[in-house]
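Spelled out, the chains give:
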Amino acid sequence: MSQPVNDKMIDFVEIDQDITLRRIVLRNANPKGIVLFLHGFPETLYAWKDIARALADEYEVHAFDWPGYGLSSRPTVDRFSYAPKDYARILDRYIGKAGIDTSRLTIYATDIGALPTLLLAVERPDLARMIIVGDFAPFNRPQHMFASLQSLKEGPAMAQVRANMNANRDEILQNTFTRGLPAEAHFEIAREFKDDMAEGWTQGAMTPVDAFSRYYSHFTRDQDHFESQLARLKTPLKIVWGEKDLYINKEMGVEFAERVRAKLTLLPGIGHFPHLQNPMLTIEEIRGALR
């Protein structure tokens, strides 16, 4: 039987003097394994609530808001760079603070959550029993990225793109998840999730777009570092990709899978957010990884 999800399962954990993360933890008296979900832009931990509830009958499930998102901390950039490498450090600290047994851990990371996970796995081969990643940019291949994302990687245009995105919060929250999909493939996200993203947008002086832009300002550096260290990646890995992903073309996933000799699952008719468009596919992927 799945567990209800309520506010008592959401709390805050202090990572260091600058960062406190909002998280959700669903515990199980005798879990078959542990799952940690890592969200992308412009999401919050609410992206995973229904999936977490479905899995909690057998597993312990964790998710948190990245710094700059939801209700997690948003320190100034002189205190925290919002780079993928910094997010990798936050992930490492969270696993330690939460007391997670990494030998039983499966990490499911998408979009901005994936590269930090892999950067950490390079340094910590025992990070997880299995890592599942998808719909992200492991390498510096801007030709496989949506035009606005390319612009965020190119310095002169970054400020204008950031300003435009900040000015269009409502449009982003309304259309980001289905952009590029045919009308018959559009899907609704939960009102609770949408409201949480909207509320989190104005927490402090930094918006999720600002954090996203800062992430991208360091993105090429950290992608290049990851590619140079690819031979050190030893953690078991699976790759899941939406075949119709508008933001990061599936060719990025094809190259990555070939380079790391990992299984690639292309999801027909699915866009950049498989876990929202068809949550059952994500649930089945996790259950399969933990068997």
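From a predicted model like this one, the values you see are computed outputs, not experimental measurements.

(A) Fine view of the side chain of His39. With respect to the helices, strands and loops of the structure, His39 is situated in the loop between strand 3 (34-38) and helix 1 (49-55). Residue classification places His39 among the buried positions, given a relative accessible area of 0%. In terms of polar contacts, His39 uses its side chain to reach the backbone carbonyl oxygen of Glu43, at 3.4 Å. A distance of 3.0 Å separates a polar atom in the side chain of His39 from the backbone nitrogen of Trp66. Excluding residues within four positions of it along the chain, His39 makes contact with Thr44, Leu45, Trp48, Phe64, Asp65, Trp66, Tyr69, Thr110, Ile112 and Gly113.

(B) Representation of the packing of aromatic side chains. Inspection of the entire model under this criterion finds 23 aromatic pairs. Residues Phe139 and Phe226 carry aromatic rings whose centres are separated by 6.4 Å and whose planes lie at 20 degrees to one another, so their mutual orientation is stacked. Placement of Phe139 in the loop between strand 6 (130-134) and helix 4 (147-153) and of Phe226 in helix 9 (residues 219-228) is noted, with a sequence separation of 87 residues between them. Pair check on accessibility: Phe139 and Phe226 agree, each one buried. Taken together, the ring pairs in this structure connect Phe41, Phe64, Trp66, Tyr69, Phe80, Tyr82, Tyr87, Tyr94, Phe212, Tyr215, Tyr216 and Phe219 into an aromatic cluster. Over the ring of Phe139 we find Arg259; its NZ or CZ atom is 5.0 Å from the centre of that ring.

(C) Expanded view of the layout of surface pockets. Computed from the structure, the largest pocket encloses a volume of approximately 360 Å³. Contributing to the lining of the largest pocket are 25 residues, with Phe41, Leu149, Met165, Phe212 and Tyr247 lying nearest its centre. Of all elements in the fold, only helix 4, helix 5 (155-166), helix 6 (169-175) and helix 8 (208-217) reach the threshold of two or more residues within the lining of the largest pocket. Looking at the lining of the largest pocket residue by residue, the class counts come to 16 nonpolar, five polar and four charged.

Definitions and cut-offs
Each residue is numbered by its place in its chain's sequence as written, counting from 1. Residue-level local features of this predicted model are given only where pLDDT is at least 70; pairs of side-chain atoms are given and counted only at 80 or more, and the full residue set underlies all totals for whole chains, interfaces and linings. Hydrogen atoms and water are omitted, and side-chain values are computed over all heavy atoms in the structure. Per the convention used, a helix needs a DSSP run of H or I reaching at least four residues, while a strand needs a run of E reaching at least two, with both numbered from the N terminus. Buried, partly exposed and exposed residues are distinguished by accessible area as a fraction of the type maximum, computed with a 1.4 Å probe on protein chains only: under 20%, between the cut-offs, and over 50%, respectively. Polar contacts here mean pairs of N or O atoms no more than 3.5 Å apart (in protein, one a potential hydrogen donor and the other a potential acceptor; neighbouring residues in sequence count only if both atoms are side-chain atoms). By definition in these notes, contact holds between two residues if any of their heavy atoms fall within 4.5 Å. Side-chain rings of Phe, Tyr and Trp, where Trp is taken by its six-membered ring, are said to pair if the distance between their centres is within 6.5 Å; with planes under 30 degrees apart they count as stacked, over 60 as edge-to-face, and otherwise as tilted. Two limits define a charge over a ring: the Lys NZ or Arg CZ must be within 6 Å of the ring centre, and within 35 degrees of the ring normal. Here the term cavity refers to a set of points on a 1 Å grid, laid over the protein atoms alone, in which a 1.4 Å probe fits but cannot get out; the term pocket refers to an open set having protein on both sides within 12 Å along at least five of seven lines, with lining residues being those that place an atom within 4 Å of a point. Grid points are joined across faces, edges and corners, and a volume is the space filled by probe spheres set on the points. Only Asp, Glu, Lys and Arg are considered charged in this grouping, and only Ala, Val, Leu, Ile, Met, Phe, Trp, Tyr, Cys and Pro are considered nonpolar; every other residue, Gly among them, is considered polar.

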